[in-house]
Amino acid sequence: MATRVHMEALSPTMEEGQVVKWLKGEGDAVAQGDILAEIETDKATMELVARGEGVLRRVLVSEGAAAPVGDVIAIIAAEGEDIAAMEAGLGGGDAAGAAGAGAGEADGNGASDAGPGDGRTEAPQPAATPGTAAPAGAPETATSARSAEAPAPATTTAPAMEATVPAAPTRVKASPVAKRLARDAGLDIATVRGSGPGGRVIKRDVEAAARAAAEAAAATPAPPVTPWPAPPDTEFEDIALTQMRKTVARRLTESLGPVPHFFLTVDADMTRALAARKRVNELLAARGAKASINDLVIKAAAVALTHHPECNAWWQGDSIRRFHRVHVGVAVAVPDGLITPVVRDAHAKGLGRISTEVRELAGRAREKKLQPHEYTGSTFSISNLGMFGIEEFTAVINPPEAGIIAVGAVEERPVAVAGEVVVQPRMRVTMSCDHRVIDGAQGARFLATLKSFLEEPSAILM
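Calculation criteria
- Along every chain, residues carry numbers that run from 1 in the direction the sequence is written.
- Only residues with pLDDT of at least 70 are given local features in this predicted model, and only at 80 or more are side-chain atom pairs given and counted; all residues enter the totals for whole chains, interfaces and linings.
- The basis for every side-chain value is the complete set of non-hydrogen atoms in the structure, without hydrogens or water.
- Here, nonpolar core means buried Ala, Val, Leu, Ile, Met, Phe, Trp, Tyr and Cys residues that are tied together by side-chain atoms lying within 4.5 Å of each other.
- Each residue is placed in one exposure class: buried if its accessible area under a 1.4 Å probe, protein chains only, is under 20% of its type's maximum, exposed if it is over 50%, and partly exposed if it falls in between.
- Strands are runs of DSSP state E lasting at least 2 residues, helices are runs of H or I lasting at least 4, and numbering of each runs from the N terminus.
- Note on contacts: a residue pair is in contact if any heavy atoms of the two residues lie within 4.5 Å.
- Stacked, tilted and edge-to-face are the three classes assigned to paired rings of Phe, Tyr and Trp, where Trp is represented by its six-membered ring and a pair needs centres within 6.5 Å; plane angles under 30 degrees give stacked, over 60 edge-to-face, the rest tilted.
- Note on geometry: axes are lines fitted to C-alpha atoms, helical ones only across the stretch in contact, with angles between N-to-C directions running from 0 to 180 degrees.
- Should an angle fall under 35 degrees it is taken as roughly parallel, and over 145 as roughly antiparallel, whereas 65 to 115 is taken as roughly perpendicular and any remaining angle as oblique.
- We call a crossing left-handed when the near helix sits turned anticlockwise from the far one by less than a right angle, and right-handed when that turn is clockwise.
- By this rule the span expected of a helix is its residue count minus one, scaled by 1.5 Å.
- Working definition: the arc comes from the directions between the helix axis and the C-beta atoms, pointing outward to the latter.
- Strands pair, by our definition, only if DSSP identifies at least two bridges between them.
- Nitrogen and oxygen atoms within 3.5 Å of one another constitute a polar contact, given that in protein one can donate a hydrogen and the other can accept it, and given that sequence-neighbouring residues count only through two side-chain atoms.
- Think of a salt bridge as a Lys or Arg side-chain nitrogen and an Asp or Glu carboxyl oxygen that are within 4 Å of each other.

Caption draft 1: Structural detail: the nonpolar core. Of all hydrophobic cores here, the largest spans 56 residues; its most connected members are Ile-405, Met-431, Phe-446, Leu-450 and Leu-454. Ranked by residue count, the leading element in this core is helix 7 (residues 293–307), at ten residues. Beyond its immediate sequence surroundings of up to four residues, Met-431 is in contact with Phe-262, Phe-263, Leu-264, Cys-311, Phe-380, Ile-404, Ile-405, Ile-438, Gly-443, Phe-446 and Leu-447. Counting residues in each nonpolar core, the second largest holds 23 residues, with Ala-37, Ala-44, Ala-50 and Ala-65 among its members.

Caption draft 2: Representation of the packing of aromatic side chains in the model. Across all of its chains, the model carries two aromatic pairs by this definition. Relative to Phe-323, the ring of Trp-314 lies with its centre 5.0 Å away and its plane at 70 degrees, an arrangement referred to as edge-to-face.

Caption draft 3: The arrangement of the packing of helix 7 against helix 9 (residues 440–455) in detail. The contact between helix 7 and helix 9 brings their axes to 9 Å, and the two run at 135 degrees. The orientation of helix 7 with respect to helix 9, classified from their angle, is oblique. Taken as a pair, helix 7 and helix 9 cross one another with a handedness that is right-handed. Judged by residue contacts, Val-297, Ala-300, Ala-301, Val-303, Ala-304, Leu-305 and His-307 of helix 7 engage Phe-446, Thr-449, Leu-450, Phe-453 and Leu-454 from helix 9.

Caption draft 4: Expanded view of helix 6 (residues 271–284). With 14 residues, helix 6 ought to run about 20 Å at 1.5 Å a step, and its terminal C-alpha atoms sit 20 Å apart, in line with that. Among all positions of helix 6, only Ala-273, Ala-276, Asn-281 and Leu-284 are buried. Within helix 6, the buried residues cover an arc of 135 degrees as seen down the axis, which keeps them to one side. In this structure, helix 6 carries Lys-278, Arg-279 and Glu-282 as exposed residues pointing more than 90 degrees from its buried face. Residues of helix 6 that are buried make contact with helix 7, helix 8 (351–366) and helix 9.

Caption draft 5: The arrangement of helix 8 in detail. Over its 16 residues, helix 8 extends 22 Å from the first C-alpha to the last, a length consistent with the 22 Å expected when each residue adds 1.5 Å. Regarding helix 8, the residues found buried are Leu-351, Gly-352, Ile-354, Ser-355, Glu-357, Val-358, Leu-361, Ala-362 and Ala-365. Looking at the buried residues of helix 8, the elements they touch are helix 6, helix 7, strand 15 (332–334), strand 16 (337–339) and strand 17 (342–343). The first or second residue beyond helix 8 is Lys-368, which carries a positive phi of 60 degrees.

Caption draft 6: Quick peek at the sheet that holds strand 6 (residues 54–59). Here four strands make up an open sheet; going across it, the order is 1-8-6-3 and the pairing antiparallel. Each end of this open sheet is capped by a strand with a single partner; those strands are strand 1 (3–6) and strand 3 (29–30). Note that strand 1 and strand 8 (residues 72–77) share four bridges and pair antiparallel. What sits directly across from Arg-4, in strand 8, is Ile-75.

Caption draft 7: Quick look at unusual backbone geometry. Between Pro-399 and Pro-400 the backbone carries a cis peptide bond, its omega angle lying at 5 degrees. Mapping Pro-400 onto the fold places it in the loop between strand 18 (380–384) and strand 19 (403–407). Phi angles above zero are rare outside glycine, and Asp-345 is one such case at about 50 degrees. The residue Asp-345 is located in the loop between strand 17 and helix 8 in this model. You will see that Lys-368, though not glycine, has its phi angle at about 60 degrees, which is positive. On the secondary structure map, Lys-368 appears in the loop between helix 8 and strand 18.

Caption draft 8: View of the sheet that holds strand 2 (residues 16–22). Read across the sheet, four strands follow the order 5-4-2-7 without closing on themselves; strand pairing throughout is antiparallel. Unpaired on one side and paired on the other, strand 5 (45–49) and strand 7 (66–68) mark the two borders of the sheet. Going from strand to strand, the sheet's axes swing by 40 degrees on average, the running direction of each strand aside. In the packing of helix 5 (residues 243–256) onto the sheet, the strands contacted are strand 2, strand 4 (35–40) and strand 7, and the crossing angle to strand 2 comes to about 165 degrees.

Caption draft 9: How the structure looks around the pairing of strand 5. Going residue by residue along strand 5, you find Met-46 and Leu-48 tucked away on one face and Thr-45, Glu-47 and Val-49 left uncovered on the opposite face. With five bridges connecting them, strand 4 and strand 5 associate as antiparallel partners. Within the sheet, the bridge partner assigned to Glu-38 lies in strand 5 and is Glu-47. The antiparallel pairing of strand 4 with strand 5 creates a hairpin that spans four residues between the two strands.

Caption draft 10: Expanded view of the side chain of Arg-426. With respect to the helices and strands, the residue Arg-426 is situated in strand 21 (residues 420–434). Here the side chain of Arg-426 touches Gln-424 through a polar contact of 2.5 Å, side chain to side chain. Aside from chain neighbours lying at most four places away, what touches Arg-426 is Asp-267, Ala-268, Asp-269, Met-270, Ala-409, Val-410, Glu-411, Arg-413 and Val-415.

Caption draft 11: Local environment of the pattern of salt bridges. Across all of its chains, the model carries 16 salt bridges by this definition. The partner of Lys-368 in a salt bridge is Glu-40, and the shortest N-O contact between them spans 3.1 Å. Linking Lys-368 in the loop between helix 8 and strand 18 with Glu-40 in strand 4, this pair joins segments that are 328 residues apart in sequence. Within this structure, Asp-267, Glu-411, Arg-413 and Arg-426 form a network of salt bridges that share partners.

The following block contains the structure:
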């Protein structure tokens, strides 16, 4: 029986997914558990697994296109099974069309596309009530459900039927291997002449076409490099939003608008912190590890939060949730946005382990390989721009958390000590507080404790 492949909710905050690459092509055999495609979520690139078996008969969302969670993006069926009714219910299923075209509605026999965002691949249901599609989300994610309505009955006139259900494209006879090679080489399989039985395109046909295309490209002179500034006819370019950038934009709007921010800043003497880091790194060198100033800040902030649990909290709307464990979100810049991997139980970990975890998490974040549990559930966050020479800045709170600290660069600055001007390595730390959870005095006490730990790191061990 034919089954539909839905865009799954591959992360707790995912509302939409973009198909990065189809690992199975039309005509390929599919077994349950096979990886069908790579999907870019709002945080990482994840694998979409087949929930049915048969042959991948139709791809409804092309590579590079996006679809909301719950939309049908492909159809799996037996080799000779008739899927015309299912395709008609999905609006024709243009394999190279826009994301989710016609998805989110009931299919031709009245079966709904998806349940509450679990993205299951499911068999079509008998004619019954339409369903709804809404992604499962974390507490901070809200998505309106999309109603699925049965299509209007077809009229008896041929023109009306043609307008409702576009004709399916002519199927190209090609082996699965040939289709895969053509896709990898960027060739349109329809332009390749087949030499197999009945004109079927086989492996050697695609290889010959790829060689011919490469030879033609080599013979074509390279276009001249456009100098900067660009010519008047290319005054600007529009850059499509990635899933991560869409999420960053949405989350900032959710934070800066509704959350009443206020800011507190302290200036810490980092003389002893730098000396302590040097001694720690001498010990860690044998293990191939190395602690950074940011690792020290993570540890100090985590321990300080155990002394001030009112700052280690979430705003819940009708309640405030205070946590008994400290999970620190560490902001990491990636090419198309920002992500905050989580160091869990940071208050109970040593600098060496924190350093190792941060490096590993940051590396996977830049490769978009983080799993959802590695970037959700933080109770407090840290953003550090000191490595870019930024002296001081304010960070935006990551709801439902109640606080975040912004860490600046360690700089040699003149300060007055006992009536004399001396030069010390100083670092400014600014805390953004959600005033619904943290009052000014509470935030100030937390920062005072954090400053004391940075100025005397041995106090962290007490």
